[in-house]
Amino acid sequence: MFANISFNYLALCQQYTTHFVMEATPGKYIAPCFDSPLSQRWQRVAIQQAAGIAQSWRSNRENALEEFQEAYAAWEEKHKPDEPPPVWKEWNTPVLKEICLQVNANVALLEKSEDSTFEYWLRLSTLERGKPLLLPVKLAPYHQTALEGKQVNTSVTLTRKTNGWWLTLSYTEEVKIETPQAAPVVGVDVGIANFITTSTGKSYGTFHGKLAARHKRDRAKRRRKAKLRACLEKKGVKKLPSTRNQKLARHVRQEINRAVNQFYADHAGYQVAYEQLSVRTMKFKSRRMNAYLYASNLAHIPKQLAWGALKRKQRAQKVKSAYSSQECRVCHHVSRVNRPSQQTFCCWCCRHAAHADVNAAGNTADRLNDQEIRNCQNRQEIKLLLQTRHQEWFRHSNGCS
């Protein structure tokens, strides 16, 4: 019976998701507009889940469009004759492939067990009125310790996987930031050579070395599998070998997490400023470099920095990173000429020299409390502001009033 509910629920949730993405504004409380054998309670839950999916899709698309517009503005500002412009690819409608039920207490109620060896009972509504399903929930010691003294939320998530159904429990906890406003600020620059480079001159983690060598072997293996898939597909084989390798991605994330933990261990009590990294718009001419960039998983670093700060009750905030790698920290001169090499920064105007990543991290730290930078709406406004500051520095250094 529950299998019928789950499949009907998936189909109905897909209908409403497509409806909210293509036609209507996402709304959790709209009147049902599709026929379904599910009860009104289950239909309402499907509408609410579809509205959440569509709203997230729209928000992510708007953010991606803003990043593309910034990348296109940077390309228009200065590009090589043979450098193609960035191209916007319209997003596809979300397709729900796995059964995932984000349900509330109307159809799935989690009850504390007091007369059995199980910690909770999950009561699920069915298609027959007054005949719910009671499923026992057994928690591991780790989960019992994590939920000790916590009030579990009434909403739960049921996900169907190859090895069975998974139940996700959650609780709400208000985290109070303990870092004072007067605490010192440390800026973070994100890169491949060094995952994290700080304004204090320290570096943490790298994709070079063992991870790069493993990525090279993995890429060669995926090429061989791709050729094998093409041959088997011509022969009509339906079950084809996968070319994905999740082990390398997990190891890269582990190295990033380790680097973030070391960073916070060395900068306890600091305010953290990190850049708004747009990996989606980064692209190289070489397919090898694009694969290298994709495997390094740089987009995971800002997320982990935010999570690490929240877990430690530290203050961390994203800042606008436009021209942070080209701006001189001393005179605010902005130019690509200031970067004669990947690792070197040498200002063409005031001759200030530093490591390129350390200089960028310093600019990121300076922008944390810079209200003028925050008020800038695009890259052009940021560059105009930096040029104005450079002119003021130039007049002051030459004794002009």
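Everything discussed here concerns the structure shown above.
My aim in this report is to walk through the structure given alongside it, one point at a time. Bear in mind that the values here come from a model prediction, so they are computed numbers and not experimental data.

Section: the overall build of the chain
- Along its length, the chain carries ten helices and 13 strands.
- Principal-axis analysis of the C-alpha atoms places the extent of the chain at approximately 85 × 60 × 45 Å.
- Burial status across the chain gives 35% buried among its 401 residues.
- Within the chain, contacts between residues at least 6 apart in sequence are counted, and of these 62% link residues at least 24 apart.
- Accessible surface for the chain amounts to roughly 24800 Å². Of this, 51% is attributable to carbon and sulfur atoms.
- When the 62 positive and 34 negative side-chain charges of the chain are each reduced to one mean point, those points stand 10 Å apart.

A short note on the layout of surface pockets
- Within this model, the second largest pocket holds a volume of roughly 610 Å³.
- As for the second largest pocket, its lining consists of 20 residues, of which Arg 222, Asn 245, Ala 249, Tyr 294 and Ala 295 are closest to the centre.
- Broken down by secondary-structure element, the contributors of at least two residues to the lining of the second largest pocket are helix 4 (210-234), helix 5 (246-266) and helix 6 (287-296).
- Ranked by residue count, the leading element in the lining of the second largest pocket is helix 6, at five residues.
- Class assignment for the residues of the lining of the second largest pocket results in nine nonpolar, six polar and five charged.

Topic: the side chain of Asp 218
- The topology assignment puts Asp 218 in helix 4.
- When its relative accessible area of 7% is taken as the criterion, Asp 218 is described as buried.
- Look past the residues within four positions of Asp 218 in its chain and what remains in contact with it is Asn 245 and Leu 248.

Description of the sheet that holds strand 5 (residues 156-161)
- One open sheet accounts for three strands, arranged 1-5-6; its pairing is antiparallel. The open sheet is flanked by strand 1 (100-103) and strand 6 (164-168), the only strands paired with a single partner. Within this sheet the neighbouring strands show an average axis-to-axis angle of 15°, counted without direction.
- As defined by bridge partners, strand 1 adjoins strand 5 across four bridges and the pair is classed as antiparallel.

Considerations on the sheet that holds strand 2 (residues 108-112)
- Spatial ordering of the open sheet is given by 2-3-4, a layout of three strands whose pairing is antiparallel. If you trace the sheet from one side to the other, it starts and ends with strand 2 and strand 4 (133-137), each paired once. For this sheet the average axis-to-axis angle between neighbouring strands, irrespective of direction, equals 25°.
- Bridge count for strand 2 against strand 3 (residues 120-124) is five bridges, and the pairing is antiparallel. For Lys 112, the partnering residue across the bridge sits in strand 3 and is Tyr 120.

Describing a positive patch on the surface
- On the surface, a cluster of positive charge is contributed by Lys 221, Arg 224, Lys 247 and Arg 250.
- For the positive patch, the secondary-structure elements that each account for two or more residues are helix 4 and helix 5.
- Structurally, Arg 250 is set in helix 5.

Side note on the pairing of strand 6
- In this sheet, strand 6 lies alongside strand 5 in antiparallel orientation, the contact comprising five bridges. Of the residues in strand 6, the one forming a bridge with Leu 158 is Leu 167.
- Hairpin connection, strand 5 to strand 6: the antiparallel pair is bridged by two residues.

Some details on the packing of aromatic side chains
- Scanning the model with the defined rule gives nine aromatic pairs in all.
- A centroid spacing of 4.9 Å and a plane angle of 80° characterise the contact between Tyr 16 and Phe 34, whose relative ring orientation is edge-to-face. Within this pair, whereas Tyr 16 is found in helix 1 (residues 2-22), its partner Phe 34 is found in the loop between helix 1 and helix 2 (40-77), the two being separated by 18 residues in sequence.
- For the ring pair Phe 118 and Trp 121, a centre distance of 5.7 Å and an interplane angle of 70° mean the geometry is edge-to-face.
- Judged by its relative accessible area of 28%, Phe 118 falls in the partly exposed class.
- Judged by relative accessible area, Trp 121 falls into the partly exposed class, the value being 25%.
- Taken together, Tyr 16, Phe 20 and Phe 34 form an aromatic cluster joined through their ring pairs.
- The ring of Tyr 120 has Lys 112 sitting right over it, with the charged end atom 4.7 Å from the ring centre.
- One residue, Arg 379, lies across the ring of Tyr 323, its end atom 4.4 Å from the ring centre.

Description of the environment of Pro 26
- Structurally, Pro 26 can be placed in the loop between helix 1 and helix 2.
- Apart from residues no more than four positions distant in its own chain, Pro 26 is found in contact with Phe 20, Ala 51, Ala 54, Gln 55 and Arg 58.

Overview of the pattern of salt bridges
- Taken as a whole and assessed by the stated rule, the structure comprises ten salt bridges.
- One salt bridge connects Glu 255 with Arg 258, and the closest N-O pair in it is separated by 2.8 Å. Residue Glu 255 and its partner Arg 258 are located together in helix 5, separated by three residues, close to a single helical turn.
- Note that Asp 370 is salt-bridged to Arg 389, the shortest N-O span being 2.7 Å. Here the residue Asp 370 occupies a position in the loop between helix 8 (356-366) and helix 9 (371-375), and Arg 389 occupies one in helix 10 (residues 379-397), the gap between them amounting to 19 residues.
- A relative accessible area of 18% means that Arg 389 is categorised as buried.
- A single salt-bridge network, built from bridges that share partners, covers Asp 370, Glu 372 and Arg 389.

Analysis parameters
Residues numbered from 1 in each chain as written. Predicted model: local features only at pLDDT ≥ 70, side-chain atom pairs only at ≥ 80, totals over all residues. Heavy atoms only, no water. Helix = DSSP H or I, 4+ residues; strand = E, 2+ residues; numbered from the N terminus. Buried < 20%, exposed > 50% of the residue type's maximum accessible area, 1.4 Å probe, protein only. Contact = heavy atoms within 4.5 Å. Areas by Shrake-Rupley, 256 points an atom, 1.4 Å probe, with all protein chains shown as cover. Lys, Arg positive; Asp, Glu negative; His and termini not counted. Charge placed at Lys NZ, Arg CZ, Asp CG, Glu CD. 1 Å grid on protein atoms, 1.4 Å probe; cavity = no way out; pocket = protein on both sides within 12 Å on 5 of 7 lines; lining within 4 Å. Points joined across faces, edges and corners; volume = space filled by probe spheres on them. Nonpolar A, V, L, I, M, F, W, Y, C, P; charged D, E, K, R; others polar. Pairing = 2+ DSSP bridges. Axes fitted to C-alpha atoms, helices over the stretch in contact; angles between N-to-C directions. Patch = residues over 30% accessible without salt bridge, like charges linked within 9 Å, V, L, I, M, F, W, Y side chains within 5 Å. Salt bridge = Lys/Arg side-chain N within 4 Å of Asp/Glu carboxyl O. Phe/Tyr/Trp six-rings, centres within 6.5 Å; stacked < 30°, edge-to-face > 60°. Lys NZ or Arg CZ within 6 Å of the ring centre and 35° of its normal.

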